[in-house]
Structure formats: C-alpha cells, structure tokens
Amino acid sequence: MEGMFHIEIQKLQKGFIMRKIVLLSFCLSLMFTMFCTEEESVRDMGTKVMDEPWTGDLASIPTAMQRKNPMVSPLAKKGGMIRIYSHQFPKSLNYYLDQFTTTARIFTSLFEPLTAYDPLTLATIPHLARDWKISNDKKKFTFYLDKNARWSDGRPVTADDVIFTYDTIMDKKNATAVFRISLSRFEKPIKEDDYTVSFEAKEVHWNNFNDIASSIFILPKHHFEGKDFNKENMEFPVVSGPYKIKEVKKNRYIKLERRGDWWQRAYPFNHGRYNFDQVVYKVYNEEAVALQAFKKGDIDIYPVYSAFVWVEETKGDVFEKNWVVKQRIFNLKPVGFQGWAMNNRREIFSDRRVREAMTLLVDRKLMIDKLAYGEYDPTNSYYPDFYLGGEKNPNSPSEFNIQKARALLAEAGWKPNKDGILEKNGKPFQFSILDRDKKTEKYFTVFLEKAKEVGIRASIDTLDLAAWSERVDKYDFDMTWAAWGSGIFKDPESQWYSKYADEVGQPNLPGFKNVTVDKLIEKQKLEFSLSTRNQILKEIDRIVYKEYPYVLLWHLPSTRLLYWQKYGIPDHPLGKYGDESFSTDYWWYDNEKDKRLNAAISNKSKFDDYESIIRRVY
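Conventions and cut-offs
Residues numbered from 1 in each chain as written. Predicted model: local features only at pLDDT ≥ 70, side-chain atom pairs only at ≥ 80, totals over all residues. Heavy atoms only, no water. Helix = DSSP H or I, 4+ residues; strand = E, 2+ residues; numbered from the N terminus. Rg over C-alpha atoms; globule rule 2.2 N^0.38 Å. Buried < 20%, exposed > 50% of the residue type's maximum accessible area, 1.4 Å probe, protein only. Contact = heavy atoms within 4.5 Å. Areas by Shrake-Rupley, 256 points an atom, 1.4 Å probe, with all protein chains shown as cover. Lys, Arg positive; Asp, Glu negative; His and termini not counted. Charge placed at Lys NZ, Arg CZ, Asp CG, Glu CD. Salt bridge = Lys/Arg side-chain N within 4 Å of Asp/Glu carboxyl O. Pairing = 2+ DSSP bridges. Axes fitted to C-alpha atoms, helices over the stretch in contact; angles between N-to-C directions. Parallel < 35°, antiparallel > 145°, perpendicular 65-115°, else oblique. Left-handed = near helix turned anticlockwise from the far one by under 90°. Nonpolar A, V, L, I, M, F, W, Y, C, P; charged D, E, K, R; others polar. Phe/Tyr/Trp six-rings, centres within 6.5 Å; stacked < 30°, edge-to-face > 60°. Core = buried A, V, L, I, M, F, W, Y, C linked by side-chain atoms within 4.5 Å.

**Some remarks on the overall build of the protein**
Within the protein, the secondary structure is distributed over 19 helices and 26 strands. Against the 2.2 N^0.38 benchmark of 25 Å for 618 residues, the protein shows a C-alpha radius of gyration of 25 Å, consistent with a compact globule. The C-alpha extent of the protein, read off along each of the three principal axes, is 85 × 70 × 45 Å. Here the protein holds 618 residues, and the buried ones make up 56% of them. Counting only contacts in the protein whose residues sit at least 6 apart along the sequence, the fraction spanning at least 24 positions is 75%. Accessible surface for the protein amounts to roughly 26400 Å². Of this, 51% is attributable to carbon and sulfur atoms. Of the side chains in the protein, 93 bear a positive and 87 a negative charge, and the two mean positions are spaced by 3 Å.

**Remarks on the pattern of salt bridges**
Counting across every chain of the model gives 45 salt bridges. Among the ionic pairs, Arg-259 bridges to Asp-261, the shortest N-O distance being 3.1 Å. With a relative accessible area of 4%, Arg-259 lands in the buried category. The partner of Asp-298 in a salt bridge is Lys-296, and the shortest N-O contact between them spans 3.2 Å. A relative accessible area of 48% places Lys-296 in the partly exposed class. Put simply, Arg-185, Glu-203, Asp-211, Glu-493, Glu-522 and Lys-525 are held in one network by salt bridges that share partners.

**Concerning the pairing of strand β5 (residues 140-145)**
Sheet topology places strand β4 (residues 129-134) next to β5; five bridges connect them, and they run antiparallel. Its bridge partner lying in β5, Ile-134 is registered against Phe-141. Here β4 hands over to β5 after five residues, with Lys-138 in that stretch at a positive phi of 60°. As paired strands, β5 and strand β7 (residues 196-200) are joined by five bridges and run antiparallel to one another. Pairing of Phe-141 across the sheet is with Phe-199, part of β7.

**Examining the packing of helix α10 (residues 352-360) against helix α12 (residues 402-411)**
Contact pair α10 / α12: the axes reach a minimum separation of 8 Å and the direction vectors enclose 165°. Of the possible angle classes, the one that applies to α10 and α12 is roughly antiparallel. Of the two elements, α10 crosses α12, and the hand of that crossing is left-handed. Each of Arg-353, Val-354, Glu-356, Ala-357, Met-358 and Leu-360 in α10 lies in contact with α12, whose residues at this interface are Ile-402, Lys-404, Ala-405, Leu-408, Leu-409 and Glu-411. Classifying every residue of the contact of α10 with α12 by side-chain character gives eight nonpolar, no polar and four charged.

**Things to note about the packing of aromatic side chains**
Scanning the entire structure with this criterion turns up 46 aromatic pairs. For the pair Phe-276 and Tyr-567, a centre-to-centre distance of 5.6 Å together with 80° between the ring planes defines the contact as edge-to-face. In this pair, Phe-276 is assigned in the loop between β9 (253-258) and β10 (278-283) and Tyr-567 in strand β24 (residues 567-568), connecting sequence segments 291 residues apart. Each member of the pair, Phe-276 as well as Tyr-567, carries the same accessibility label: buried. Centre to centre, the rings of Tyr-382 and Trp-496 are 5.1 Å apart; their planes meet at 75°, and the pair counts as edge-to-face.

**A word on the nonpolar core**
Judged by nonpolar contacts, the single largest core of 74 residues is most densely connected at Tyr-96, Phe-111, Phe-143, Leu-256 and Trp-587. At six residues, helix α3 (residues 159-170) tops the list of elements feeding residues into this core. Setting aside residues no more than four positions away along its own chain, Phe-143 makes contact with Leu-114, Thr-115, Ala-129, Asp-131, Trp-132, Tyr-195, Thr-196, Val-197, Phe-199, Phe-209, Ile-212 and Ala-213. Membership of the second largest hydrophobic core comes to 40 residues, among which are Phe-349, Ala-357, Ala-412 and Phe-447.

**Re the sheet that holds strand β20 (residues 479-484)**
Pairing within the open sheet is mixed, and its five strands lie in the order β19-β18-β20-β13-β21. Single-partner strands in this sheet number two, and they are β19 (457-462) and β21 (550-552). Along the sheet, successive strands turn relative to each other by an average axial angle of 30°, direction set aside. Two strands pair when backbone bridges link them, and strand β13 (residues 337-342) and β20 are joined in this way by six bridges, in the antiparallel orientation. Along β20, the bridge assignment pairs Phe-337 with Trp-484. Against the sheet, α10 touches β13, β18 (430-435) and β21, its axis set at about 25° to β21. Along the sheet, helix α14 (residues 465-473) contacts β18, β19 and β20; its crossing angle with β18, the most-contacted strand, is approximately 130°.

**A short note on the environment of Lys-519**
Here Lys-519 is to be found in helix α16 (residues 515-525). Look at Lys-519 and you get exposed, because its relative accessible area is 59%. Lys-519 sits 79 residues away from Asn-598 along the chain, and the two C-alpha atoms are 61 Å apart.

**Structural notes on the environment of Met-234**
Locating Met-234 in the fold gives a position in the loop between α6 (221-224) and β8 (243-249). Along the primary structure Met-234 and Phe-349 are separated by 115 residues, whereas in three dimensions their C-alpha atoms are 38 Å apart. Those residues within four positions of Met-234 in sequence are excluded, and the remaining contacts are Phe-89, Pro-90, Lys-91, Ser-92, Leu-93, Ile-245 and Val-248.

Honestly, that's just the spatial picture; any functional story needs more than this.
What follows is the structure, given as structure tokens:
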C-alpha cells in the first residue's frame, strides 16, 4: 500500500524554505558521501548470469506456452542491471505478511501461481499448472501441475506444496488474514496424486477460479514446514520463480539475481522476458535524496508521483540533452483511489455527518489547480477508472464548503465552547492523523488550518513504514492516508463487506458496515458477466460514496516515468494494463546504447530523441 498520486505543495513559507537551501544542500552532500561506498558495491557486484542447458522434453511444454509472448520485443537480450527506487525499506519481503508494493514486486519474482494471464487478451495461461478443469456446477477446480516445475534446490513442485500453502494462509496464527477472505470459500484442497490437486468451493463465486489459480503464490513445503511463518521475512533460499534474492542490506537495498536454472527458461512464451541479470531496489527514505541519486545515475528508473518533481525538478542537462527520458505513458492500467481513511470504529468519526464535514474542509481545487500544476483529476468514486472513458459519474463532487461543514458538525451535536473549540458531551473535537511520510505533512497542513478555523484540533503522528503498518493493521488510528490499487476484475468484498470490518489486518480500514452493500456484494458473487458485475459495483460505489468512509483526493490517469536512456524498450513500454513494474519483466539493458549515452554525457551533447507522451491503440 503506497501513496501513489501525491501532489507537491510549493511556495508555502517561501522565505523559510529559502533559508533552508544551503543546509539542505550540505545534508544531501553528506548523505551521498554515506551512500557512496555502498552504491559502488551495488554497481560492482553485478555478474553475468549464464543460462544452464534445458534438458527437458520440448513436447512437454504446454501448447499455450509454445507461442510468442505478444508484449515481448524480438530485440530483447539478457544481461545487465536495473536499479529501482523504493521509498521505504519493507518490514518484510513476505507478501503474505506485508502487502507493500516493493514487497509484492520482489515476492512475485521469487514465487509463482498456478496460472497466469495473457498480457494482451487476459486469457488464462499455464504457469505451475499445465492444465485445469472446472466442473459444470463451477464449484470444483482441478489443477494438473507441470512436471517440469522445479524449486531452486531441484525438488519438484507438487500437490503437497499447494496444500501446504493453503494451510499456511488459513492458519489463524499467521498474519495472513487478508488472503483468508477468498480462501475461506473453499474446503481444504485434496491431493489426487503427486501432481494433481483439486479445490471444492463451498459456494459459487465468479472469482473462485482466479482466487486460487492466479492470486496465490505457491510455497515450498519442505522449506517452510515446522517454522514460524510470521518470522519468515527476509530469507527465501528455496524459490521457483525467475529470480532469487542475492543480497539484502537493511535500509539500503534488496538485490535480486536472475536464475539461470529457472525451470521455464526454455518456454518460448518467456523468450525475451526477465532479461536483467540483477534487479536492485534502492531504498531512500527521503524523496529529495532519491531524486538527487537518480540524477546522479545511482537509480535507473524513477516513477514520479509528485507534480512538483515532474514540473520543477526535471530541468538541467540530464533532461534537456535527453540523457534521461521524461515520459508520460497512457494505457489501460486500472486506476485505484487514495484518500484519508476515517476510522468509523472511533466515536469521533462514527457519525456520517462528521465524515462528510471532513470532506468539505478539504479544498481539492486549490491543491490541484494552484499547488499541483493542474496535474491531477479529483477523485469522486472508489472505482474512478469506470469514468475515464467519458461515462458520466453519478456521484456529486465534494466541493470545499466551510459553512456547510460547520452546519453538519452542529447538526451532529458539535458546538463551540467559549474558546471556540467544538465540544460534544463535554469532550473536545480532537484527533490524530497517523502518517508514514514526512512530505505529506504539508498536504495535511492545508486541511488542518481549515479544521482549526471551525474549532477542530488535530495533530500529525508520523511513523516509519513498519510502525505505521502495525498500527493500521490493528485499526489503531483516527485518520490515516491510504492509497489502493485496482484490478481489471474488481472484487469489493474485502474492502466493503461488514463481516471483515473488525477482523485484524483487513483492508476495510474505515470499518465500513452497510447492510445494502453487503447484499450487493453477495449478489455480484454469482454474476459471471463482467459488464453486469461492473454495474453492481457502480451501485455499491454510489452507496459507499455517500457514507464518506474516506476523504477522497485525486488520481492520475497515466504513468509518469523518468529513466536513463540505456535500455531497450518494447513497443508497448508498460504493456496494455501494466505500470512501472512492467519494466523489470520486459525491458532489457542495451550495452551499445549505454556506451553512446556515456559518450554523450562526456561530450555534453544531446542524445537520442524519444516520445514524451505514449498512447497506443490496443
């Protein structure tokens, strides 16, 4: 969970900022000196990975995997390194325990699901399972494992591993609650034989197949069995995926290395994919430091989530001479939402009128138009990508209105005392905002000034990612900033179903409960038509929107990328539905291009032209 579309507020307290410039420059210089030795280590550790000969029977490769991948470039080649910016060090690299974006990217490079999706058509294709069968009543799913599938220690992937993964997730002693929602719809899987496993659903649900086939990443039983799964965080010596962990340097970087013995390396569908010998996630807790590291060449690819950075910090030779690509990419990537979750479990936010008043105290127009260079669109839906194609959004936008906010608060029983502080039953209106990113404090500042004006007292409590996650998992907060991704096949259950509102570790952060929404969630479970399900989702959205569980903020319908011009890029740089993570799967290091780039930098000459805005027809 990351704050994905943060805007940058500039020119606030300008004189104060100017007095800080010299000190900031000194601090950045000092921090670069501290990073220097380690960064050189990351540079020099890269070794050429040689693919081992594949001795399997080519005829055993599933038919769907014998064809060319539609997103791969025929020019792609193996080798080299890519270094990616991560804004905080994960508390765990175990995605079942921590759903942080960097953790997800790493974990899904190490472990694999039973099936995958074709990146163009979204048709189900084989992965650990070579084939599958769905019963006529859509309740039984049988998977036939690919006998070529091997763990990195050479042992085969078997039905025992699949069942062990299910048992691990369903064990309530493990912090895997968010994954238990979907798996709770199934009986314990049955081992038909060593390479065949079947799942029986307790109820029909359109997403049953996907929930077990493509959403669960299979673990090696022989490695994890008998261990405390909650402590399996950083070391995964036995994996099945195309990468392995090479080195973890706490608070500095996580380095992955391509496996030359990956069991699917000879499958034609994967030719030209997973090209980098090393993938390094570089951690910088301060965005200013990270950006300077990128400009210096210590990070290779830098997704931009800040309008200020995109507009004001992309100047100088590295950009003007095209050494670095500044590119806005439009595709069909699902768009999620971000906002400030208000904890309905707390008395102060249990009243819908209070929550609506909070939304009215946020001047989004000011933030977007005046402080964010007009880069963003205000979010007025929990499924904003439904309305990117021109369809009218039925939700009325929450516009800044301090007088209406006052009236709602008064209606809810909050009246000013002699000091102008709102009180109800003798208690003042005060709360704490739990944050995990120092740079977002200035966004909250605009809101806090308006809240103070109506008699509300609020403070900001900023923690590191691990401490923030621990508090949020227990719903120990009043208000917090949260950003959620989205999917092409959207399932509202975990986020809005009442029965999960009080279960620790679930994504229903506000504690939302609504009987009508519960009934609609039950209704959509039985609907296999995507278009019909989406209509139900829009109805859910209209109800949730009017309950104001979040102060919704803004979204960006494109991906903004900065990267050094030393990579080969496929025609669809982020695929049809992908984000910046697509780069580690499909881009490649171009040694000759890198040499020309270095020559251009040495000569201070302009490098190759490129498309600054990419839109593809699919």
